[in-house]
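# Examining the three-dimensional arrangement
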Amino acid sequence: MAWGQDSCHIREVTELPGSHEFASHFLEAMAGDPDPRAKDRNMIWGLTADLSSKVPVQDRALYISKSSDGGRTWTQVARVGAAYFDADIGEGERNGLAVSPGGTEFVITTQKGAFQILPQPGKSDAVVRSIHGPRVPETDPMVTIPKVKGDPVTAGAVKITPNGRGMAVSYGYFDLEPQILIYHKGRDGSWIEDGPLPPIPTEMDILSMEFANERNPRPGSLYVGTGDQAFHFHPQTKKWTRIDGVGDDSAIQGISMVGGPHLAACWGVYNPISADVVERVTHAQF
C-alpha cells in the first residue's frame with residue numbers, strides 16, 4: 001500500500017512484477033541508497049517473492065523493483081530465478097536487501113545464502129554471483145527445516161557501507177548459531193569475506209542491522225536487533241553491549257539511527273535516551 005500525497009486515501013500497488021498470485025505483492029524487504037549524499041534520496045528499492053504454489057517451480061522468482069514516488073508505482077530492476085532460493089523451507093520470512101551507492105547493484109539474502117545481483121540493461125534476468133558464507137556443519141535432528149551437512153546457512157539481514165566498499169551479513173535461522181560476517185569489495189567487484197564479528201550474546205535469529213554512523217565508510221559500530229533483544233557492537237573493544245530498556249521477547253524488526261537508536265519491535269516502538277539506552281513509547285496489546 002502507498003499513501004497519496006494529495007489525500008488520505010490508500011491506493012493499492014499493482015505495478016509490482018510477478019504472477020500476481022498470493023504473496024507476490026508483499027514487500028519482503030526494502031532499502032535505500034546508503035550514500036547520505038546520493039543524488040536521489042527519494043528512490044527506494046523493494047524485494048518481492050513470487051512463491052505461490054500455483055506458479056510452476058521453475059517459473060518462481062524474486063524481483064527487485066524501484067520506486068521514486070513513495071511506493072505508489074514500481075519499476076522492475078532485476079529478476080532472480082528459482083536456483084537461488086528455496087520456497088519449500090520458509091523463503092520470504094527472512095529475505096534481506098541491500099543497495100550499492102547509486103543503485104547499480106544489490107545484495108539479497110535467501111535460504112541458500114547471500115548473492116550479489118548485477119542488473120543487465122535490456123534483460124530481465126540479472127547476473128547473480130554467490131557470496132561466500134558459512135555452511136551447515138552437522139544435521140540437527142531437532143530442526144524441522146530440511147538442511148543437511150554442507151548446505152548454505154540461511155542469510156538474513158544485510159547492510160552495505162555508504163561508500164559501497166564494505167558490507168555486513170548475518171547468518172543463522174535455526175541451522176546454526178547467529179553470526180555476522182564482514183566483507184570488502186575486491187578489485188573485480190566481487191565481495192570478499194574478511195571474517196566474523198565476535199559471537200553475539202544471543203541464540204535468537206538476527207532480524208535487523210544498522211550502522212551507527214551512516215557517514216563511516218567502513219563497517220564499524222553496529223546495532224543489531226534479534227528475536228529477543230537489541231545489541232550494540234563497539235569496534236574499539238570488540239565487545240557487544242545489550243541495549244537497556246528493551247522488553248523481553250521484543251523481536252526487533254527494524255532499526256533507524258537518525259538521532260540515536262530507534263527500534264521497531266513486535267511489541268512496540270522504542271526511542272533513544274542515549275547511545276545504549278531506549279524507552280518504549282507504544283504499548284501494543286494482543
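Cut-offs and rules
One numbering rule holds for all chains: residues counted from 1, following each sequence as written. The predicted nature of this model means local features are confined to residues of pLDDT at least 70 and side-chain atom pairs, given and counted, to a pLDDT of 80 or more, with totals for whole chains, interfaces and linings taken over all residues. In computing side-chain values, all of the structure's heavy atoms are included and hydrogens and water are not. The helix count covers DSSP runs of H or I at least four residues long, the strand count covers runs of E at least two residues long, and both are numbered beginning at the N terminus. Our radius of gyration is a C-alpha quantity, and the globule rule it is checked against amounts to 2.2 Å times the number of residues to the power 0.38. Each residue is assigned to one of three classes by its accessible area relative to the maximum for its type, calculated with a 1.4 Å probe on protein chains only: buried under 20%, partly exposed between the two thresholds, exposed over 50%. Only heavy atoms matter for contacts: two residues are in contact if any of them lie within 4.5 Å across the pair. In this scheme, strands are said to pair when DSSP sees at least two bridges between them. Fitting a line to C-alpha atoms yields each axis, with helices limited to the stretch in contact; the angle taken between N-to-C directions then spans 0 to 180 degrees.

### Observations concerning the overall build of the protein
A count of helices and strands for the protein gives 0 helices and 22 strands. The C-alpha atoms of the protein give a radius of gyration of 19 Å, which matches the 19 Å a tight globule of 286 residues would have. Along the first, second and third principal axes, the C-alpha set of the protein runs to 55 × 50 × 45 Å. Residues classed as buried in the protein amount to 49% of the 286 residues present. When contacts within the protein are restricted to residue pairs at least 6 apart in sequence, long-range pairs at least 24 apart make up 44% of them.

### With respect to the sheet that holds strand β13 (residues 179–185)
Within the open sheet, the 4 strands sit side by side as β11-β12-β13-β14. Their pairing is antiparallel. Two strands in the sheet have a free side with no partner beyond their single neighbour: β11 (154–160) and β14 (191–196). Here the strands of the sheet are splayed against their neighbours by 30° on average, with no regard to which way each runs. In terms of strand pairing, β11 meets strand β12 (residues 166–172) through 5 bridges, oriented antiparallel. Paired with Ala155 across the strands is Tyr171, a residue of β12.

### Topic: the sheet that holds strand β21 (residues 268–274)
In space, the 4 strands of this open sheet follow the order β19-β20-β21-β22, with antiparallel pairing throughout. Two strands lie at the open edges of the sheet, namely β19 (252–256) and β22 (277–280), each paired on one side alone. Neighbour to neighbour, the strand axes of the sheet diverge by 25° on average, direction disregarded. Bridge analysis of strand β20 (residues 262–265) against β21 gives 3 bridges, and the strand direction is antiparallel. By the bridge assignment for β21, Ala264 is matched with Val269.

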